Amino acid sequence: MDAQPPSLAQVEQIIAQLYGGVVTQFSKSAQEYLHNLQKQHYAWELASQLLASESVNSQFFGAHTFQVKISRDWHTLPPDRKEWVRNELLGWILRLSNGPMVVITKLCLALTAFAIQAVPEIWSNFISDFFDYLHTGSLAVRAQNQGQVLFIELPLLEFLTVVPEEVSRADLIGERKVKVNQELIDSIPRVMSILKTILSNHHGYAERDIILKQKCLRCLQSWILYGVPFETLFLLVDHVITSFQFESTNEAATEVLVEFISQPRITSYQNTVCEKILHCITSDWAKNQITKAINDRDELAARNLCRLMTTFGDQFTNYIAINFLRPDISVYLEMMLIIPMYISEMPLQFWFMLQESLYDLEVIPVIPNASGNNTSVSEAETPNILLSDFQQIRESSMVVFRRLIEVLRCKVQYPPDSEWAEWSKDLKERFRHHRRDVGDTIMNAYYVLRSQMLDFLIELAISQINAPGRDPSQWQDLESTLFCIKSIAEAIEHGENIYLSRLFGAEVYGVLPVQGHSKLRNTALSLIGSYAEWFKNNPQYLLSALNYLIPALSDIELALAAATAFKEICDICRDSLVNGIEDLVNIYIVVGPSIEPREKQKVIESIADVIQVLPPEKMIQPLLTITRDIIQTMKDAIVLGKQNPPQFREIIITQLEYLTCCGRGIQPLDEELIIIDGSDSEIKRNHFAFDLIPAQGLVNTLSEIIRDIAEIWYQDSEVVECLCKFLNTGIRITPHLLSMPFEVIVFLIQISFQRHPHANWLEIAVQIVIVNGSSSKHSVALRDMLISLTSTTIQNIRNQTEMDQYPDVVHSYFMLLTEILKKCPLILYSLQSDMFNSIMKFSVAGLGLQERLASNSAANFMGEFVGQNYDDKELAAGIENVMMTYGLEIMRELLLGIGGKLPRSFVISLSQVLFKMIGRYIEASREWLRTLLAQDNFPSPHVNQMTKQNFAKGILSTRTLKRFHEIVTEFSIKCRDLEDSAYGYT
């Protein structure tokens, strides 16, 4: 029941407080009061009373109230009152047509909301009716008020602007959607006629004429976005182009032209439209605008033209390529090169697409030179180009792209140091992102210029270095040139030996500064790394590159770039560097102590990359050398850490990271990873190092250190994580130079997991099974490991609630079970029955977990278990007995999860298990489904018996996984109903 209506004066006073422009302590309460007021039934009449006010704020709130009431309370309004609302809105739009636009806009929005609700029952032809109402209404006002003129064009244009926008946003369905859209389609000819009349007739400079044209263009844009047929729009393009050349309407016309040339059907009118718009953007007026913007350093003035030119280029790249030799295209390209020098935006995408089009023979088909002229653009959409013209296009494109490189180099050049220091952090970051984007465009330009680009850039670098009277503090130009050379590294042929030899020889790198200028030197260092593949084919230049790199490793401002480049060189060029491994190790001994930890990791891994190439017997000595200080530091930290573990944990973490990097370096490539299956050759290779005393000493020392770390810092999750990362790397190394023997690491996993059940230990166990699970000689040790890890896991995690509390452990444990099933399933079936049953119960409970990672890994294991297929009849019978024992419970958990216990995103993984289960045990599954689905409210109270029977019939009869998923997903949605109140998931 409505409260007592407030007085109009009281409401206006509150509105004045809210919209007065000053935020006060009463603003929030005023807003809440007015919001609640709009919910009252009397707000309909109040809205009309407010529109009669002299206050613009009151009028605006009145119009807004109509809009809110129509959208929210339409169904509470009696039919006769709906007619009243429409008449009120029409009347106020007419009466206030000479008033403030902010109020007219709100009234038009309210009337559009009314029209959308009223179609088709109350108001079917709302656009044509609005036209007629304004026309007759204005005539009536003029007759009644002695010639008073109402300027109805503005409210008409405003209504025609908001209608297509609001209809596009509205969630319309059924007949109403059809009728509303049909009304817009039927009105297109009349609307376009009105817009054409206004654009062609109003050429005055009065404020009203300017506003009218701006509104007209804005309206046209709205209809373009709605989807007006292109043929209709085409009739207005000349008028829009005319408006583009007036400052007052330039911005609005730009928006229209951008939308216009973005229409998909414009390709059918490509030649005609291109001619018109190209003439517009290359006209004397446009060139004068650019000149003026450059002279005035006014970026905003050129922005609209640049946007239109860029959109034109993106849409008509092929047209530009085909007509590359035309004078107006040359003017266009010249402007595209000039604009980026003076505004921040760069049309990078256009240059990429133009390069593609220029070298696409489907875009520019070439025919041999012959008598007669080639087909003109006007006669065919894709003309044939004479070979001579094609060659001229190529030559001309090189001139343009050479200019482009000059422009791009300037765009990536750092500002002077004093200016850079004043830039904000955000601006600096945007500049760095911009440089990366420009770098991609530079690389695309290389495919046009090729050797010309290298020649130009390297000659430029040499001239910049040798410029007479060069100010030593001015490094920016040389840095930008090196950045351009770095950007094209990916495209350079590795066999190139004309220009890059000058770059990495005495003319450039031989004279680059080795002190100061950190940004210049960082770019020079990164450039070396980006050309690692070239150095691999030109190893004679490696020494000079390393001589430039290595001193920078000790400089904190250069270390990251230097270490990254060093890593690239050592990784790619390891075969060329292996003969100098002793020198690399000696260099590490000298510079290693002065390198920061992050960069030191890269350096260690880099040297290990080269060591990896050596035969096993020659790997040992350099490994001992680069790990000596690491191992000694760890020994010292262990001695002291026994008394105070927290104080020395960081030292241990850092040294473990060093060892992990070393292990990654000597780790074989993925394709060389040996999976042990017990063959003599593999056993010999994997144990080769243990026949060598130095290697055995290293392994023994590492084993002792690892045991101590695992015992002292057993509760420290970060230390354990780093330790396990190192162990994981060591397991993959062949020969085992930086890893523990199999028996030692298996025992360490068991005892460490008993001390504290970190999931990391289970992850190491998974890796052990992957590498060694196929070897029969390890089966006993792996079985004992599984027994120990299972006992500890089940003792610490006793029910589903605790499983949800430790999802990382649960996830890793199920990964271990899954790998055992894949690699050595007999281990699982050789367990005592009590333990095996505990594993199965644990796995069934895992299917109902709420945590995604743990639930998915449980489903993966169960899917692997259910899908087993063995030729051994005894083994197959045993697995079937297990399924007959646990099948009902497995299916119960699957159906509960599908039925709403688990989030919908889990349904697919559960469905996959169910699919395998039914496929292998069809009759048993039929019985399990019948038993479970017969229960009331199972798996959800939202599905009846008929729905459940149809679901069971569907999944039992289909044999395709896709259709199976569809049936399960549909059933899951029905089980969840709307709010999924039983479990709180949708």
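Remember, it's a predicted structure, so these values are computed and weren't measured experimentally.

1. Things to note about the overall build of the protein chain
- Along its length, the protein chain carries 50 helices and 2 strands.
- Projected onto its principal axes, the C-alpha positions of the protein chain cover 115 × 90 × 70 Å.
- Counting all 986 residues of the protein chain, 51% fall into the buried class.
- Accessible area for the protein chain stands at about 45,300 Å²; split by element, carbon and sulfur atoms hold 51% of it.
- If the 85 positive side-chain charges of the protein chain are averaged to one point and the 115 negative ones to another, these points end up 3 Å apart.

2. Notes on the confidence of the model for the protein chain
- Across the protein chain, the average pLDDT comes to 89, with 92% of residues at 70 or higher.
- Predicted confidence for residues 680–691 stays below pLDDT 50, and this span has 22 contacts to residues more than four positions away or in other chains.
- The low-confidence segment residues 978–986 (pLDDT under 50) makes 18 contacts with residues lying over four places distant or belonging to another chain.

3. Some remarks on empty space enclosed by the protein
- Within the structure shown, the criterion is met by 3 cavities of 30 Å³ or more.
- Space inside the second largest cavity adds up to approximately 40 Å³.
- Along the walls of the second largest cavity sit I550, L553, F566, L584, I587, Y588, V591, V603 and I607, which together make up its complete lining.
- At 4 residues, helix α31 (residues 581–591) tops the list of elements feeding residues into the lining of the second largest cavity.
- Tallied by class, residues from the lining of the second largest cavity come to 9 nonpolar, no polar and no charged.

4. Observations regarding the environment of E419
- For E419, the location among the structural elements is in helix α21 (residues 417–422).
- Here E419 falls in the partly exposed class, since its relative accessible area comes to 36%.
- Taking the C-alpha atoms as reference, E419 lies 78 Å from A934; in sequence the two are 515 residues apart.

5. Points about the side chain of E496
- Its place among the elements puts E496 in the loop between α24 (476–487) and α25 (500–503).
- The charged side chain of E496 is buried without a salt bridge, its nearest counter-charge being R502 at 9.5 Å.
- Here the side chain of E496 touches L500 through a polar contact of 3.1 Å, landing on its backbone nitrogen.

6. What to know about the packing of helix α44 (residues 833–846) against helix α45 (residues 852–866)
- Following both chains from N to C, one finds α44 and α45 inclined at 125 degrees, their axes separated by 8 Å at the closest point. In terms of orientation, α44 and α45 fall into the oblique class. Remark: the crossing between α44 and α45 carries left-handed chirality. Facing α44, whose interface residues are F836, M840, S843, V844 and G846, α45 presents S855, A858, F861, M862 and F865.
- Its residues assigned to classes, the contact of α44 with α45 comprises 7 nonpolar, 3 polar and no charged.

7. A short note on unusual backbone geometry
- Of note, the amide linkage connecting V119 to P120 takes the cis form, showing an omega dihedral of 0 degrees.
- Following the sequence through the fold, P120 ends up in the loop between α6 (101–118) and α7 (126–144).
- A cis amide bond links F938 with the next residue in sequence, P939, at an omega value of -5 degrees.
- Inspection of the secondary structure puts P939 in the loop between α48 (922–933) and α49 (945–957).

8. Remarks on the layout of surface pockets
- What the largest pocket holds in volume is close to 690 Å³.
- Among the secondary structure elements, those contributing two or more residues to the lining of the largest pocket are α22 (425–449), α24 and α26 (518–530).
- Top element by residues in the lining of the largest pocket is α22. It accounts for 6 residues.
- Residue classes in the lining of the largest pocket are distributed as 6 nonpolar, 6 polar and 8 charged.

9. Some thoughts on α26
- Under the 1.5 Å per step criterion, the end-to-end length of α26 is 18 Å for 13 residues, consistent within 8% with the ideal 18 Å.
- Those residues of α26 that fall on the buried side of the exposure criterion are L520, R521, T523, A524, L525, L527, I528 and G529.

10. Examining α45
- Here α45 spans 21 Å end to end across 15 residues, near enough to the 21 Å set by a 1.5 Å rise per residue.
- Turning to α45, its buried residues number three or more, namely A854, S855, S857, A858, A859, F861, M862, G863, F865 and V866.
- Buried residues belonging to α45 abut α42 (807–823), α43 (825–829), α44, α46 (873–901) and α47 (907–920).

11. Topic: the pattern of salt bridges
- Tallied over the entire structure, the rule returns 43 salt bridges.
- Its salt-bridge partner being R190, residue D132 comes within 3.2 Å of it at the nearest N-O pair. Linking D132 in helix α7 with R190 in helix α9 (residues 174–201), this pair joins segments that are 58 residues apart in sequence.
- Classification of D132 by relative accessible area gives partly exposed; the value is 37%.
- Taken together, the shared-partner salt bridges connect K567, D571, R574, E605, D609 and R664 into one network.

12. Here's the deal with the side chain of R649
- Mapping R649 onto the fold places it in helix α34 (residues 645–666).
- Judged by its relative accessible area of 17%, R649 falls in the buried class.
- Setting aside anything within four residues of it in sequence, one finds R649 in contact with W713, D716, E718 and V719.

13. Some remarks on the packing of α26 against helix α29 (residues 559–572)
- Their axes nearest at 8 Å, the elements α26 and α29 cross at an angle of 15 degrees. The orientation of α26 with respect to α29, classified from their angle, is roughly parallel. By crossing handedness, the relation of α26 to α29 is classed as left-handed. Along its contact with α26, which presents N522, L525, S526, I528 and G529, the element α29 presents A561, A562, A565, E568 and I569.

14. What about the UniProt feature "domain: Importin N-terminal" (unreviewed entry) in the protein chain?
- In the numbering used here, UniProt assigns the "domain: Importin N-terminal" (unreviewed entry) feature to residues 30–95.
- Span residues 30–95 is 79% helix and 0% strand, its end C-alpha atoms 29 Å apart.

15. As for the nonpolar core
- Core analysis: the biggest nonpolar cluster contains 323 residues, and W223, F260 and Y531 have the highest contact counts within it.
- By residue number, the principal contributor to this core is α6, which donates 12 residues.
- Excluding anything up to four places from it in sequence, Y531 contacts I485, K486, I488, A489, I492, L500 and F504.
- The next biggest cluster of nonpolar side chains, apart from the first, holds 10 residues, and it includes A30, L34, Y42 and F61.

16. Brief notes about the environment of V968
- Mapped onto the fold, V968 is located in helix α50 (residues 961–976).
- V968 gets classed as buried once you look at its relative accessible area, which sits at 0%.
- The spacing of V968 and F234 is 734 residues in sequence and 51 Å in space, taken between C-alpha atoms.
- Residues in contact with V968, not counting those within four places in the same chain, are I898, V907, S911, F951 and I955.

17. A word on the environment of I93
- As for its position among the elements, I93 is in helix α5 (residues 79–95).
- Of the residues examined, I93 reaches a relative accessible area of 0% and is grouped as buried.
- Sequence-wise, I93 and L134 are 41 residues apart; in three dimensions their C-alpha atoms are separated by 8.7 Å.
- Residues contacting I93, with those up to four places away along its chain left out, are L107, C108, L111, F130, L134 and P155.

What counts as what
- Residues numbered from 1 in each chain as written.
- Predicted model: local features only at pLDDT ≥ 70, side-chain atom pairs only at ≥ 80, totals over all residues.
- Heavy atoms only, no water.
- Helix = DSSP H or I, 4+ residues; strand = E, 2+ residues; numbered from the N terminus.
- Buried < 20%, exposed > 50% of the residue type's maximum accessible area, 1.4 Å probe, protein only.
- Areas by Shrake-Rupley, 256 points an atom, 1.4 Å probe, with all protein chains shown as cover.
- Lys, Arg positive; Asp, Glu negative; His and termini not counted.
- Charge placed at Lys NZ, Arg CZ, Asp CG, Glu CD.
- pLDDT = per-residue confidence, 0-100.
- Contact = heavy atoms within 4.5 Å.
- 1 Å grid on protein atoms, 1.4 Å probe; cavity = no way out; pocket = protein on both sides within 12 Å on 5 of 7 lines; lining within 4 Å.
- Points joined across faces, edges and corners; volume = space filled by probe spheres on them.
- Nonpolar A, V, L, I, M, F, W, Y, C, P; charged D, E, K, R; others polar.
- Salt bridge = Lys/Arg side-chain N within 4 Å of Asp/Glu carboxyl O.
- Polar contact = N/O pair within 3.5 Å; in protein donor to acceptor, adjacent residues only side chain to side chain.
- Axes fitted to C-alpha atoms, helices over the stretch in contact; angles between N-to-C directions.
- Parallel < 35°, antiparallel > 145°, perpendicular 65-115°, else oblique.
- Left-handed = near helix turned anticlockwise from the far one by under 90°.
- Expected span 1.5 Å × (residues − 1).
- UniProt positions renumbered as here; feature names shortened; annotations may be inferred.
- Core = buried A, V, L, I, M, F, W, Y, C linked by side-chain atoms within 4.5 Å.

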